[in-house]
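Single-letter residue listing:
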Amino acid sequence: MKPETENVIDVRGLRYRYPDGTLALDGIDFRLHAGECAAVFGANGSGKTTFVMHLNGLLRGEGSIEVCGLRIDGSAKADTLAAVRARVGLVFQNSEEQLFMPTVLADVAFGVANMGLSSENAARKAKEALEQVGMAGAAEKAPYHLSAGEKRRVAIAGVLAMQPDILVLDEPTTSLDPPGQRELLQLLRRLPQAKILVTHDVDFAAALAARAVFFERGRIAGDGEIHSIIEQFHWSRGSE
Amino acid sequence: MASALRHASVERWSRGSSPLHRVDARAKLIALLVFLTAVATTSKHAPWIYAAFFVLLGSAIFLARLPVMAMLARAALVLPFSAVFAAMTWWAGDFPTAAVLVAKSFLSILAALTLAASTPWVRLLDALAFLRVPRPLLLVIQFLARYLFVVGNQVAHMRLAAQARGGIGKSSLSGFHAAAGAVGVLFARSWERADGIYKAMLARGFTGRFPAPQVAPFLARDVAFLCAAVFVTVAVRFAL
Ligand SMILES: Nc1ncnc2c1ncn2[C@@H]1O[C@H](COP(=O)(O)OP(=O)(O)OP(=O)(O)O)[C@@H](O)[C@H]1O
Ligand SMILES: [Mg+2]
């Protein structure tokens, strides 16, 4: 019998220490259902970015991580990692780093081409994704000449083009103008994928997610309905 | 900062649409190799051949509608290096060899610059791949260019940040100290940025090989350019 809700992400007892000794994650337990959207809140330096880096094997800590039934651990093979990375689309907090190809189109097509599509198909998917984020006009520009918000949009397109099962967005609204934020909200609402949304923008998160987890010094201090989490941790500008 | 800007302007020129820009990158690359070989093997007793090479290169720059003075200024950056050796030979009483040394290095760099300024970076890499330059070497070239740009950008940002807070930018002793400290931070930051870029590539499924280059058809126009360029170069070299 199949469980009515299937976990696409299953993390247990995750601990991670940076090489300089900082203990950034100290026993994380987290699960996410197919199609679910969860917001991740927490103070600066509480470990949110470190956590999402684990979700497609960029960092390897102690504990167990399963993505769509695929286990990422020390012995994970290259093709397991490739399969995981095709399923988890990660938009980095710093979009400067995410853009590295000579043109916007080539950059957005990069991930798709790595999945083995022909260059024409990759370019077509890339154009569609650029269309979705309103950047079709910049396809031939050099990514490093874009404005901060434009870079953000292109970085998001690069992940959308791969059509992952799980979207992980680390601070996606930073440097987007209000219309850009509104469009991103509408776009994310239309996408059926499971989503993890790391953000300090409480209103944006509440408009999209029903659930929130709260990070505190490398642990999850709260997990539940988003409004009650906001209230419990006084996590909005309005609450004293 | 200067290096980032310089990189940026050659990059901008390379996106032009002159007749030379439209020629296939492979044809231009082969023409460049023939030209460099011809220059390298020309005798020092035929000064007018060098003059003819300059005229030849000048017409290519004219055909590409590139800013002549700015191109000459950039090519002149090699002069200090070759001038040292030239001065030594001149000192030893061999004026022709000294003059030829300077002429050869200046012609070679100007020719390479003309190719770089009339061919988008992506097309150039594709052409190198087509001419069977080994992939690992191409990867190194691509990374190097990308990281050089990263370092250049870091310098620009740090300099601006320092100037905004009244730091370096002035030529005083305290400015020198600030600069010396900044160099250390620059390396650390460039390293972390490069590492971040590498992680972003992995996150989108990078496995160590770039997607296959797009092969554009080699047109009659490209054949004509290649034949003409090779014929004229060889004709000048052998003083027909
Ligand atoms: N490369 C690194 N080396 C050492 N320590 C690091 C490194 N990156 C992050 N840290 C430390 O790990 C902890 C968690 O950092 P992380 O970036 O995950 O925080 P965050 O919750 O994403 O914060 P923010 O809201 O500011 O983005 C912090 O104490 C940080 O100083
Ligand atoms: Mg973060």
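Bear in mind the structure is a predicted one, so any value in this text is a computation, not a measurement.

Caption draft 1: Region of the structure containing the overall build of chain B. When helices and strands are tallied, chain B shows eleven helices and zero strands. The N-to-C order of helical and strand elements in chain B reads α-α-α-α-α-α-α-α-α-α-α. Expressed as a percentage of its 240 residues, the buried residues of chain B come to 38%. Counting contacts in chain B only where the partners sit at least 6 residues apart, residues at least 24 apart contribute 80% of the total. Accessible area of chain B: about 13400 Å², with a carbon and sulfur share of 74%.

Caption draft 2: Structural context of the coordination of the magnesium ion (ligand 2). Residue and element names in this part refer to chain A. Every protein donor of the magnesium ion (ligand 2) is accounted for by T49 (OG1) and Q93 (OE1), and the metal-donor separations fall at 1.9 to 2.2 Å. With a gap of 44 residues between them, T49 in helix α1 (residues 48-54) and Q93 in the loop between β6 (88-91) and α3 (95-98) connect regions that are remote in the sequence. Accessibility expressed as a relative area gives 39% for Q93, which makes it partly exposed.

Caption draft 3: View of the environment of Y144 of chain A. Position of Y144 of chain A among the secondary structure elements: in the loop between α5 (119-132) and α6 (148-160). By relative accessible area, which is 19% here, Y144 of chain A ends up buried.

Caption draft 4: Spotlight on the nonpolar core. Residues and elements named next belong to chain A. If you look at the biggest cluster of nonpolar residues, it comprises 48 residues, and the most contacted ones within it are F41, V108, L130, V154, L160, L188 and I226. Leaving out residues up to four positions away in the same chain, L130 has contacts with V104, L105, V108, M135, A136, A139, V154 and A157. Core analysis: the second largest hydrophobic core is formed by 41 residues, L32, A38, V84 and F110 among them.

Caption draft 5: Main features of the interface of chain B and chain A. Taken together, the contact pairs 25 residues of chain B with 28 residues of chain A. Taking both partners together, chain B and chain A bury about 2400 Å²; carbon and sulfur atoms supply 61% of that area. Across the chain B-chain A interface, the total number found is one salt bridge. For the salt bridge of D107 of chain A with R204 of chain B, the shortest nitrogen-to-oxygen distance reads 2.8 Å. For the pair chain B and chain A, the number of links is three residue pairs in polar contact (both at pLDDT 80 or more). Those elements that place two or more of their residues in the side of chain B that touches chain A are α1 (2-13), α8 (121-130), α9 (135-164) and α10 (173-203) of chain B. The element that contributes the greatest number of residues to the side of chain B that touches chain A is α10 of chain B, accounting for nine residues.

Caption draft 6: View of the sheet that holds strand β2 (residues 23-33) of chain A. All names here are of chain A. Read from one edge to the other, the open sheet built from four strands follows the order β2-β1-β4-β5, with strand pairing classed as antiparallel. With partners counted over all chains shown, the strands left at the sheet margins are β2 and β5 (70-72), one partner each. Between one strand and the next, the sheet's axes are offset by a mean angle of 20 degrees, whatever the strand orientation. Pairing of strand β1 (residues 7-17) with strand β4 (residues 62-67) involves five bridges; the strand directions are antiparallel. When the bridges of β4 are listed, R15 appears paired with E62. Where helix α2 (residues 78-87) meets the sheet, it contacts β4 and β5, and its direction lies at approximately 105 degrees from that of β5.

Parameters at a glance
- Residues numbered from 1 in each chain as written.
- Chains lettered and ligands numbered in written order.
- Predicted model: local features only at pLDDT ≥ 70, side-chain atom pairs only at ≥ 80, totals over all residues.
- Heavy atoms only, no water.
- Helix = DSSP H or I, 4+ residues; strand = E, 2+ residues; numbered from the N terminus.
- Buried < 20%, exposed > 50% of the residue type's maximum accessible area, 1.4 Å probe, protein only.
- Contact = heavy atoms within 4.5 Å.
- Areas by Shrake-Rupley, 256 points an atom, 1.4 Å probe, with all protein chains shown as cover.
- Donors = N, O, S within 2.8 Å, 3.2 Å for Na, K, Ca; no water.
- Core = buried A, V, L, I, M, F, W, Y, C linked by side-chain atoms within 4.5 Å.
- Buried area = accessible area lost by both parts, 1.4 Å probe.
- Salt bridge = Lys/Arg side-chain N within 4 Å of Asp/Glu carboxyl O.
- Polar contact = N/O pair within 3.5 Å; in protein donor to acceptor, adjacent residues only side chain to side chain.
- Pairing = 2+ DSSP bridges.
- Axes fitted to C-alpha atoms, helices over the stretch in contact; angles between N-to-C directions.

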